Amino acid sequence: LVTRNATKWAKSITGWNGKIMKLWADESCHFDGSLEGEGMEYWNDLYMSNRSKRQYWLDFYEAHTQKIREFALKHLSLTYVEVELENDKMAEQLELYTGVK
């Protein structure tokens, strides 16, 4: 999993006149930010508990990242590697964990 600072992620995903958000919703995880009919219980209360759309997306990112971590812990046969996108040593970390040069 490649992680990113949640604030930078939220700014990125909501920018570009909504184009990234649409692509993400249509082609990636098929989640458009709405809470209707998604069945994604772990963030059902996020939107109602937050006063701003920005804070909602920050909380969404943190919750989604945590859910991926929990999935990996429940499926120990998976090889799980987590690195930060903006870490200058990301390439070295990936090389260390995967053995790929």
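The residue numbers shown here count from 1 along each chain, following its written sequence. Local features in a predicted model are, by the rule used here, given only for residues with pLDDT of at least 70; side-chain atom pairs are given and counted only at 80 or more, and totals for whole chains, interfaces and linings are based on all residues. Side-chain numbers come from the whole structure's heavy atoms, not from hydrogens or water.

*Asks:* Which residues make up the pattern of salt bridges, and what are the values?
*Replies:* Note on definitions: salt bridges are taken to be side-chain nitrogens of Lys or Arg within 4 Å of carboxyl oxygens of Asp or Glu. Overall, the coordinates contain three salt bridges when judged by the stated rule. Here E86 ties to R4 by a salt bridge, and the two come within 3.0 Å at their closest N and O atoms. One end of the pair, E86, is in the loop between β2 (83-84) and α5 (90-98); the other, R4, is in the loop between β1 (2-3) and α1 (6-14), with 82 residues separating them in the sequence. Exposure categories follow from relative accessible area, calculated using a 1.4 Å probe and restricted to protein chains: below 20% of the type maximum is buried, above 50% is exposed, and the middle band is partly exposed. Judged by its relative accessible area of 38%, E86 is partly exposed. Residue class for R4 comes out partly exposed when judged on its relative accessible area of 27%. A salt bridge links K67 to E70, with the shortest nitrogen-to-oxygen separation between them at 3.5 Å. Here the residue K67 and the residue E70 both occupy positions in helix α4 (residues 53-74), the gap between them amounting to three residues, near one helical turn. A run of H or I in DSSP counts as a helix once it spans at least four residues, and a run of E counts as a strand once it spans at least two, with each numbered from the N terminus.

*Asks:* Talk me through the side chain of T3; I want residue IDs and the actual numbers.
*Replies:* Here T3 shows up in strand β1. Given a relative accessible area of 7%, T3 falls into the buried group.

*Asks:* Tell me about the packing of α1 against α4, residues and numbers included.
*Replies:* A fitted line through C-alpha atoms represents every axis, and for helices the fit uses only the stretch in contact; the resulting angles, taken between N-to-C directions, go from 0 to 180 degrees. Look at α1 against α4: their axes get within 9 Å of each other, and the N-to-C directions meet at 115 degrees. You can see that α1 and α4 cross each other, and the crossing is right-handed. Contacts from A6, T7, W9, A10 and T14 in α1 reach R54, W57, L58, F60, Y61 and E62 in α4. Note on residue classes: Ala, Val, Leu, Ile, Met, Phe, Trp, Tyr, Cys and Pro are nonpolar, Asp, Glu, Lys and Arg are charged, and everything else, Gly too, is polar. Its residues assigned to classes, the contact of α1 with α4 shows seven nonpolar, two polar and two charged. Left-handed describes a crossing whose near helix is turned anticlockwise from the far helix by less than a right angle; the clockwise case is right-handed. Residue contacts follow a heavy-atom distance rule, with two residues in contact if any of their heavy atoms lie within 4.5 Å.

*Asks:* Can you break down the packing of aromatic side chains residue by residue, with the values?
*Replies:* Paired rings are identified among Phe, Tyr and Trp, the last through its six-membered ring, by centres lying within 6.5 Å, and are further divided according to the angle between planes into stacked (under 30 degrees), edge-to-face (over 60) and tilted (the rest). What the rule picks out here adds up to one aromatic pair. An angle of 35 degrees between the planes, with centres 4.9 Å apart, marks the rings of W9 and Y61 as tilted. Here W9, found in helix α1, pairs with Y61, found in helix α4; they are 52 residues apart in sequence, far enough to count as distant. Grouping residues by exposure puts W9 and Y61 together as buried.

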